[in-house]
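Structure assessment
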Amino acid sequence: MRAAIGATALALLLAPLLGGCAASLPVGGERGSTGAPASIQRLAKQAAASDAVLATLVADDAPGCSAAVGRPGEPLWAGARGLADLAAGTPLTTSTRFEMASLAKQFTGALVLALVGDGLLGLDDPIGTHVAGLPAWGRTITVEQLLHHTARLPDFWIELEDEGIGFSDPADQAAVLAAIRRVEAPLDGSGYAYANSHYVLLAAAVESVTGKPFAATLQARVLDPLGLDARIQPAAVAADIAVGHDAEGVPIIAAWTAVGPVGLVTTPTELVRWSAQFASDGLLAAAAEGAVDSSEGLAEYAGERYGAGIRIAADGTLFHAGRWGGSVSILEVSPARDLTIAIACNRMGAPRVELVNALSTIWGAHGAASEEGAGGSDGGEG
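Within any chain, residue numbers begin from 1 and follow the written order of that chain's sequence. In view of the model being predicted, local features appear only for residues whose pLDDT reaches at least 70, and side-chain atom pairs are presented and counted only at 80 or more, with totals across whole chains, interfaces and linings using the full set of residues. By convention in this description, side-chain values take in all heavy atoms of the structure and omit both hydrogens and water.

**As for the overall build of the protein**
Scanning the protein from N- to C-terminus turns up eleven helices and 13 strands. The cut-offs for exposure are 20% and 50% of the maximum accessible area for each residue type, with area from a 1.4 Å probe on protein chains only; residues under the lower value are buried, those over the upper are exposed, and the others partly exposed. With 382 residues in all, the protein has 52% of them scored as buried. We call two residues in contact whenever any of their non-hydrogen atoms come within 4.5 Å of each other. A separation threshold of at least 6 residues defines the contact pool for the protein, and within that pool the share at least 24 residues apart is 67%. Note on conventions: DSSP H or I runs of at least 4 residues are helices, E runs of at least 2 residues are strands, and numbering of each starts at the N terminus.

Written out as structure tokens, the structure is:
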């Protein structure tokens, strides 16, 4: 069973016109054969093609995917297909919320940059200035290195697994920080090395300088002011949150509740609204400043860089992927910053890359995603 998309999609397409956004989609434009403005006919065809792609790539009787497309800040189409909970047979809808995995990093990055602007944090601050109990590397690794994944700390999940703590075993933020504190030295070498540990430390620094829980500060400084229906809710279980599944459809019960790199729960439509923050006046306008080479010597990723929680393709496309607890996601913003595509699925191995690339073709954007790139961008976990 699929979510009702036809009439809803058309309503989404018409809403900008009827809601005072005629400047971006002029009503008085060229008329098509039906007498409707050509822009409306074009958008209706794009919506129908998007519905068809979703129906082709995603089964209606298995964990599925939700997708949204729009101008940054202005959703134009949304669709969902598949089951939010395979055991219960609950269908996905465009209102179903997902664990967005590593897409949370750009929200953390935005908050850190805002606190830098406030003078509470400095990009050159050693992280040990704000997070107590770190080894010697806490005196040299900086906030900026953490943002750009050049601190070269190993991922905390490796340490937890070495201790026999599996993904379904409880591990809160304190336990994760304790695991990071046991790291004696960064990885050998220099330059980019993606790790969720970096953003756990950034969240801890936020708590140190604000005196408040990370989730509360993000809500008050970022999410609520923007009117976004999004929350930091790691490992949350609720009727409107999709259950993560492995590739065989077995539910994955998450119990790790680290914040900073993961834990954001929202919908693809809200991510389209969020992407307006990459504009020149947005919270992430400075996200690309100081971005570092993240191609890791791979020719197919030559020119790719990593900013404050966002990857930057050689052609200027902004994107990031996520994978956590049986949920996978992608957010992509076109080089011209005029089109955003957001995908969330609740099964490992779901066709997130095929979806984002097909929707890119339909809506006129260049797709930067590849499954190898998506896997690499979330570091295996996160």
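**A word on the side chain of Thr267**
Tracing the sequence through the fold places Thr267 in the loop between β7 (264-266) and α9 (268-274). Setting aside residues up to four positions removed in sequence, Thr267 forms contacts with Thr94, Ser95, Thr96, Arg97 and Met100.

**What about the sheet that holds strand β5 (residues 98-99)?**
An order of β5-β7-β6 is seen for the three strands of this open sheet, with the pairing classed as antiparallel. The sheet is open, and its two edges are formed by β5 and β6 (231-232), each paired on a single side. Strand pairing requires that DSSP identify at least two bridges connecting the strands. Sheet topology note: the β5/β7 ladder contains two bridges and is antiparallel. Each residue of the ladder has a partner; that of Glu99, found in β7, is Val265.

**Considerations on the sheet that holds strand β10 (residues 311-312)**
Overall, antiparallel pairing links the eight strands, which are arranged β2-β1-β13-β12-β11-β10-β9-β8 in an open sheet. Of all the strands in the sheet, the pair left with one neighbour each is β2 (74-81) and β8 (292-293). Bridge analysis of β10 against strand β11 (residues 318-324) gives two bridges, and the strand direction is antiparallel. If you follow Arg311 over to β11, its bridge partner there is Phe319.

**Let's talk about the pairing of strand β1 (residues 65-71)**
With respect to burial, β1 is a largely interior element, six of its seven residues being buried. When β1 meets β2, the two strands line up antiparallel, connected through seven bridges. Paired with Ala67 across the strands is Gly79, a residue of β2. The loop that links β1 with its antiparallel partner β2 comprises two residues; one of these, Gly73, has a positive phi angle of about 90 degrees. Here six bridges tie β1 to strand β13 (residues 340-345), and the two strands are oriented antiparallel to one another. When the sheet's bridge partners are listed, Ala68 is paired in β13 with Ala342.

**What to know about the pairing of β13**
For β13, a buried count of six out of six residues is recorded, marking the element as mostly surrounded by other parts of the structure. One ladder, built from six bridges, connects strand β12 (residues 327-333) with β13; its direction is antiparallel. Its bridge partner lying in β13, Ser329 is registered against Ala344. Taking the residues that link successive antiparallel strands as the turn, the β12-β13 hairpin has six residues, and the phi of Arg337 there is positive, at about 60 degrees.

**A few points about the pattern of salt bridges**
Any Lys or Arg side-chain nitrogen found within 4 Å of a carboxyl oxygen on Asp or Glu counts as a salt bridge. Using the criterion set out here, one finds eight salt bridges in the structure. Between Arg221 and Asp118 there is a salt bridge whose closest N-O contact spans 2.6 Å. Separated by 103 residues along the polypeptide, Arg221 in helix α8 (residues 214-223) and Asp118 in helix α3 (residues 104-118) bring together distant segments of the chain. A residue is classified by how much of its surface remains accessible, and Asp118, at 44% relative accessible area, is partly exposed. The closest approach of N and O atoms between Glu159 and Arg182, which form a salt bridge, is 3.4 Å. Here the residue Glu159 occupies a position in helix α5 (residues 156-162), and Arg182 occupies one in the loop between α6 (173-181) and α7 (196-210), the gap between them amounting to 23 residues. Given the relative accessible area of 23%, Glu159 is considered partly exposed. When salt bridges with common partners are traced through the structure, they connect Glu159, Glu163 and Arg182 into a single cluster.

**Topic: helix α10 (residues 352-363)**
Each helix should span, by expectation, one fewer than its residue count multiplied by 1.5 Å. For α10, which comprises twelve residues, the first-to-last C-alpha distance of 16 Å matches the rise-based estimate of 16 Å (1.5 Å per residue) to within 8%. Within α10 the residues assigned to the buried category are Arg352, Val353, Leu355, Val356, Leu359, Ser360 and Trp363. Buried residues of α10, viewed axially, fall in a sector of 160 degrees; they line one side. For this quantity, the arc is that covered by the directions from the helix axis to the C-beta atoms.

**Remarks on the nonpolar core**
Ile127, Trp137, Phe156, Leu201 and Trp274 are the most contacted members of the largest nonpolar core, which has 78 residues in total. A per-element tally of this core places α7 first, with eight residues. Among residues more than four places away in sequence, those in contact with Phe156 are Val176, Ile180, Asn196, Ser197, Val200, Trp256, Ala258, Pro261 and Trp324. In this structure, Val53, Val69, Ala321 and Cys345 belong to the second largest nonpolar core, which totals 23 residues. Here the nonpolar core consists of buried residues drawn from Ala, Val, Leu, Ile, Met, Phe, Trp, Tyr and Cys, with membership extended through side-chain atoms lying within 4.5 Å.

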